[in-house]
Amino acid sequence: MVRKFINVRDIDIELIDSVNTFQERFEVASKSLNSELLSHVQSAMVALRVNMTGDEARTLWPRIKAFRAAEGHEPNVHSANPLEKRMAEALAWLKAEKAKRLREGAL
């Protein structure tokens with residue numbers, strides 16, 4: 001079958017749809033993904049890989065609030081500024097710890 005040429009124009013569209021079983025699931029998932037949800041996912045991933053103590057994160061909290069007030073947005077983990085990047089990591093760590101405490105409290 002691999003060595004034979006197939007005219008793509010002759011393939012029935014129903015056959016293509018039946019082979020692509022993930023298309024419908026992908027369409028549903030892609031409709032539910034938005035920038036806010038992707039931001040939460042990114043924050044959770046950053047929090048998992050960041051090496052930070054609670055003291056450092058709490059120390060950075062006033063600077064994070066001041067940055068947010070001055071710039072109008074949260075610090076970006078992809079920033080070229082190392083301080084902004086570290087504040088973004090601290091913010092992600094703080095959010096993850098808060099979510100963890102809420103989950104433990106609900107159990």
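Each chain carries its own residue numbering, running from 1 in the written order of its sequence. Only residues with pLDDT of at least 70 are given local features in this predicted model, and only at 80 or more are side-chain atom pairs given and counted; all residues enter the totals for whole chains, interfaces and linings. Each side-chain value is worked out from all heavy atoms of the structure, with water and hydrogens disregarded.

When pLDDT is low, close inspection of the predicted coordinates is not appropriate. The predictor attaches a confidence to each residue, called pLDDT, with possible values from 0 through 100. Looking at the chain, pLDDT values average 80 and 69% of them are 70 or higher. A run of H or I in DSSP counts as a helix once it spans at least four residues, and a run of E counts as a strand once it spans at least two, with each numbered from the N terminus. No element of the chain has a lower mean pLDDT than helix α1 (residues 13-19), at 56, and none a higher one than helix α4 (residues 54-71), at 95.

Among the structural elements, Glu 89 can be located in helix α5 (residues 82-106). Once you skip the residues sitting within four places of it in the chain, Glu 89 turns out to touch Val 46, Val 50, Met 52 and Val 77. The contact rule is simple, with two residues in contact once any of their heavy atoms fall within 4.5 Å.

Criterion for a salt bridge: a side-chain nitrogen of Lys or Arg within 4 Å of a carboxyl oxygen of Asp or Glu. Within this structure, the stated rule accounts for four salt bridges. The salt bridge involving Glu 56 is made with Arg 86; its shortest N-O contact spans 2.9 Å. Of this pair, Glu 56 sits in helix α4 while Arg 86 sits in helix α5; the two residues are 30 residues apart in sequence, bridging distant segments of the chain. The class for Arg 86 is partly exposed, based on a relative accessible area of 23%. Among the charged side chains, a network of salt bridges with common partners joins Glu 56, Arg 86 and Glu 89. Here the term buried applies to any residue with accessible area under 20% of the maximum for its type, exposed to any over 50%, and partly exposed to those in between, with areas from a 1.4 Å probe on protein chains only.

Right, let's talk about α4 for a bit. Between its first and last C-alpha, α4 extends 25 Å over 18 residues, near the 26 Å set by a 1.5 Å rise per residue. Of all bends in α4, the biggest is about 35°, found at Trp 61, and the proline Pro 62 comes one to four residues later. When we look at burial in α4, the residues that qualify are Gly 54, Ala 57, Leu 60, Ile 64 and Phe 67. Expected span, for any helix, means 1.5 Å times one less than how many residues it has. Note that bend, as reported per residue, equals the angle between axes fitted to the 7 residues terminating at that residue and the 7 residues originating from it.

Before going further, it helps to examine a nonpolar patch on the surface. A surface patch of nonpolar side chains, about 440 Å² in accessible area, is lined by Leu 33, Leu 37, Leu 38, Val 41 and Met 45. Relative to the assigned elements, Leu 38 resides in helix α3 (residues 35-49). Put simply, a patch holds well-exposed residues, over 30% relative accessible area, that have no salt bridge, with like charges counted together within 9 Å and Val, Leu, Ile, Met, Phe, Trp or Tyr side chains within 5 Å. Methods summary: accessible areas were calculated by the Shrake-Rupley approach with a probe of 1.4 Å, and residue burial reflects only the protein chains presented.

Before going further, it helps to spend a moment on the environment of Thr 53. Relative to the elements of secondary structure, Thr 53 occurs in the loop between α3 and α4. For Thr 53, a relative accessible area of 46% gives the class partly exposed. Taking the C-alpha atoms as reference points, Thr 53 and Ala 90, 37 residues apart in sequence, are found 9.0 Å from one another. Whenever a nitrogen or oxygen atom comes within 3.5 Å of another N or O atom, the pair is scored as a polar contact, on the condition that within protein one atom can donate a hydrogen and the other can accept it, and that pairs from neighbouring residues in sequence are kept only if both atoms are in side chains. At a separation of 3.2 Å, a polar atom in the side chain of Thr 53 contacts the main-chain amide nitrogen of Glu 56.

The biggest cluster of nonpolar side chains holds 11 residues, and these are Val 50, Met 52, Ala 57, Leu 60, Ile 64, Phe 67, Met 87, Ala 90, Leu 91, Trp 93 and Leu 94. Breaking this core down by element, the ones donating at least two residues are α4 and α5. Among the elements that take part in this core, α5 stands out by supplying five residues, more than any other. Look past the residues within four positions of Phe 67 in its chain and what remains in contact with it is Gly 72, His 73, Glu 74, Pro 75, Glu 84 and Met 87. Grouping buried Ala, Val, Leu, Ile, Met, Phe, Trp, Tyr and Cys residues that are joined through side-chain atoms within 4.5 Å yields what is termed a nonpolar core. Ala 47, Val 77, Ala 88 and Ala 92 belong to the second-largest nonpolar core, a separate cluster that totals five residues.

With that out of the way, let us pick up the side chain of Ser 79. With respect to the helices and strands, Ser 79 occurs in the loop between α4 and α5. Of note is the side chain of Ser 79, whose polar atom sits 3.0 Å from the backbone nitrogen of Asn 81. Once residues lying within four places of it in the same chain are set aside, the contact partners of Ser 79 are Glu 84 and Lys 85.

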